[in-house]
Structure formats: structure tokens, C-alpha cells
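Close look at the chain arrangement
Chain by chain, the residues run as shown.
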Amino acid sequence: MYNTYDVHYYASFALAMLWPQLEICILYDIAAVVPYEDAEPIKHLFDGNVDMRKDAGCVPHDMGDPDDEPWERVNAYLVHDTVNWKDLNLKFVLQVYRDYLLHDNDLQLLSAMWPIVQAAMERGLKQDTDGDGIINNCGADQTYDTWKMIGASAYCGGLWLAALKATCEIATVLGEVEQHDKYLSVLQLGKKSYQEKLWTGSYYRFDTSSRKCSESIMSDQLAGYWYLRASGIEQDVFPHDCILQALRTIYEHNVLQFENGSMGAVNGMQLDGQPESFCLQGEESWTGTSYALAATMIQEGMVDEGFHTAEGVYRTVYDRLGLGFQTPEALFARRKKYRSLAYMRPLSIWAIQWALEKVQPL
């Protein structure tokens, strides 16, 4: 399938830095199909349910199958019904704001994207089922497509708060005072709920379910903050002391206690130092999210920790496996295996360069 957008969120830094006009083209391609509906019934493999291919107001998971009619028949991914995924719309909004800044505050881009941003965020508001200002997950409904999140989650909740902030910034630039105030009100409520429900004192818990895995330390818990900081937004959403403490906790547990700090960051780590075994993706180390984590650390001045995290992935993929030109998505240490060669997400390594040049110059 063409360009899985949940993964492009990570990989897009390569295009943004090397071929910025291509990044903008992808943004327009995605935006063009958001308003459309495709009611074709699709049977999904994970649960056997039959759902519509595409609903209006949803950012597509992908731009279609090259053997079909890409750009016309989107969402070739058949595992889950991505109409109800919680991360896609939010990642689009965050990329709109970053790319607006990248292109010298391109007002034409921002004005063209504003109706799509509004549609994406309106759908997000409906996904806050308990009115606490945070969207709620209800399963494997995000890029970790076997790792179920229930209720408020560190990953999607953080993306939601970041997207709310980006929407407020866009509304301010465009003079949309009423919309700014509307989303700012939700943001203020969501910030309070996020801290109260998910902050443990040293990290943001995985989710608010009563499952054992809800207390896991997720290496990608700051994915929303990462984008805000990369876009020059430093305050207002997440307490900075919590961000620094969470990064230290992730480094100490998910990096240093995983394969002696030699393989990047494991996706999920239990407090007892054991990788999260609730599902396969919890105990994998994803190369692309490890690079994104490294970039987040570098943005916050944790340069040595960031490069040590990235080096573990590099040494494993290039030196031990010899897969430098077909980097896998995932490393599975316990079984000494890897999966999904030549994956797009590891292009997030360019976010490290972004952090060094634009956020935290050496």
C-alpha cells in the first residue's frame, strides 16, 4: 500500500529536511481525500467485522493499493477498521503546523488546510466519550495495531493535547478567534485530566484500564510533545519537569535495562525490568520510534542519552544484522528475530538531525 500515514508521522522528517516540496505534496494528497466517503463494505481480518472503507472526516490510513486504484480507493490496509483509529487525524494536524513553519510560515498552505484540520479535530472531539478533554481508546486503534489501549492513554492522549495546541496556534495565525477559544477550552480541561489520570510521578502510564499492562512504561509516550517541541512550542501543554522525568525514566528502564542498553528502546517495559509481554509489539524494539525518542531526548538537552539510544539501533541493524539498506520495523530480542524489512518508520532518524539543527544546536 502507498504511504501508511500513521508511520509517515515518523518518517516525514526525512522528506521535510531533504525534499520539503514532496512532503507538502503528500500533505495535499492526504487532505484531498479526508472529506470523502467510500461506503464499500470491507471485511477486516482482526475481528472479522464488516465496515465501510472510508468515512468522511477521517484521515486515511494509506493512499491505496498499487494494484488497485490508489488515490481513489484509499485504505488498502485490511487488518483493522481504521475509520475509528485515534492517531491518524491528530498526526495530520501536527504535520500541517510543522510544515507551515518549515515553509516560511506559508499562509496559503495553512488556509488551504484549515477546513481539513477542523474536520479532523471535530471527529476527535466525538472520540472523547467521557467528556474529560481526552480522547478515549477502545482497542488496537492506532499505529500499535496489536497493542490494545483502553480509555485515556499516554500515547493517543498526548497526541490529542499536542494537536489541540497546534490547532489553537493555527487558529491564531488565521484570526479564527472563536475556534481558538473553543479548542483552548478543551485543551485546558484535557491537560488537567491527562496529568491526573496518567502521571505516576515518574512517567505517564500506558492507559487507564485496570489491566496489568496499564502501568507499563511506553517508550513512545511523548510522541505528541516531540512534534510540538520540534515545531518550536516549548510550554503550555505538558509540564516540563514531567517531560524531563519521563525521559529519564524511559532511558533508565526501556533503554538501559533492555539488552544492557545495546538495542535502542523496548516499546514497553514493566516496573520490574521485564519487557512488556502483554502482546508482541510491547516487547519489540521499533527502530523508528527509538530514533524518534532519541530526537526527543536531544531536543531536551539529553544529547548523550539520545545518541546512546540511537546507537543501539544503528549497531544492531548495521553491524550485527547487516541490514543498513533494508532497515526492519522491529527487533525482537527474546527470540533474536526481526520483522518487516525496508520499513518507512526508521526514516525518523532524520528527526535527530532536525533536533540538532533547529532545536538543540551543539
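Since the structure is predicted, the reported quantities are computational estimates derived from the model, not experimental observations.

**Examining the packing of aromatic side chains**
- Counted by the stated rule, this structure contains 21 aromatic pairs.
- Seen from their ring centres, Tyr 77 and Trp 85 are 5.6 Å apart, and the 70° between their planes marks the pair as edge-to-face.
- Overall, Trp 85 belongs to the buried group, its relative accessible area being 5%.
- Residues Tyr 97 and Tyr 100 carry aromatic rings whose centres are separated by 6.0 Å and whose planes lie at 35° to one another, so their mutual orientation is tilted.

**Details of empty space enclosed by the protein**
- Considering all chains together, one arrives at 4 cavities of 30 Å³ or more under this definition.
- In this model, the largest cavity occupies a volume close to 70 Å³.
- If you trace the largest cavity, you find 13 residues lining it, with Val 83, Trp 85, Asn 89, Arg 123 and Gln 127 closest to the centre.
- Listing elements by their share of the lining of the largest cavity, those giving two or more residues are helix 3 (88-102) and helix 4 (107-126).
- Residue composition of the lining of the largest cavity, by class: 7 nonpolar, 4 polar and 2 charged.
- Size it by volume and the second largest cavity reaches roughly 50 Å³.

**Things to note about the side chain of Lys 54**
- Positionally, Lys 54 belongs in strand 2 (residues 50-54).
- Here Lys 54 is buried and forms no salt bridge, its nearest opposite-charge partner Asp 55 lying at an N-O distance of 6.9 Å.
- Side-chain polar atoms of Lys 54 contact the backbone oxygen of Val 34, separated by 3.0 Å.
- For Lys 54, the side chain forms a polar contact with the main-chain oxygen of Cys 58, separated by 2.9 Å.

**Section: unusual backbone geometry**
- Positive phi is not limited to glycine here, since Trp 71 has a value of about 75°.
- Tracing the backbone shows Trp 71 in the loop between strand 2 and helix 3.
- Backbone geometry places Lys 336, a non-glycine residue, at a positive phi of 55°.
- Mapped onto the fold, Lys 336 is located in the loop between strand 8 (330-332) and strand 9 (337-339).
- Given the relative accessible area of 76%, Lys 336 is considered exposed.

Here is what the cut-offs are and how they apply
Residues numbered from 1 in each chain as written. Predicted model: local features only at pLDDT ≥ 70, side-chain atom pairs only at ≥ 80, totals over all residues. Heavy atoms only, no water. Phe/Tyr/Trp six-rings, centres within 6.5 Å; stacked < 30°, edge-to-face > 60°. Buried < 20%, exposed > 50% of the residue type's maximum accessible area, 1.4 Å probe, protein only. 1 Å grid on protein atoms, 1.4 Å probe; cavity = no way out; pocket = protein on both sides within 12 Å on 5 of 7 lines; lining within 4 Å. Points joined across faces, edges and corners; volume = space filled by probe spheres on them. Helix = DSSP H or I, 4+ residues; strand = E, 2+ residues; numbered from the N terminus. Nonpolar A, V, L, I, M, F, W, Y, C, P; charged D, E, K, R; others polar. Lys, Arg positive; Asp, Glu negative; His and termini not counted. Salt bridge = Lys/Arg side-chain N within 4 Å of Asp/Glu carboxyl O. Polar contact = N/O pair within 3.5 Å; in protein donor to acceptor, adjacent residues only side chain to side chain.

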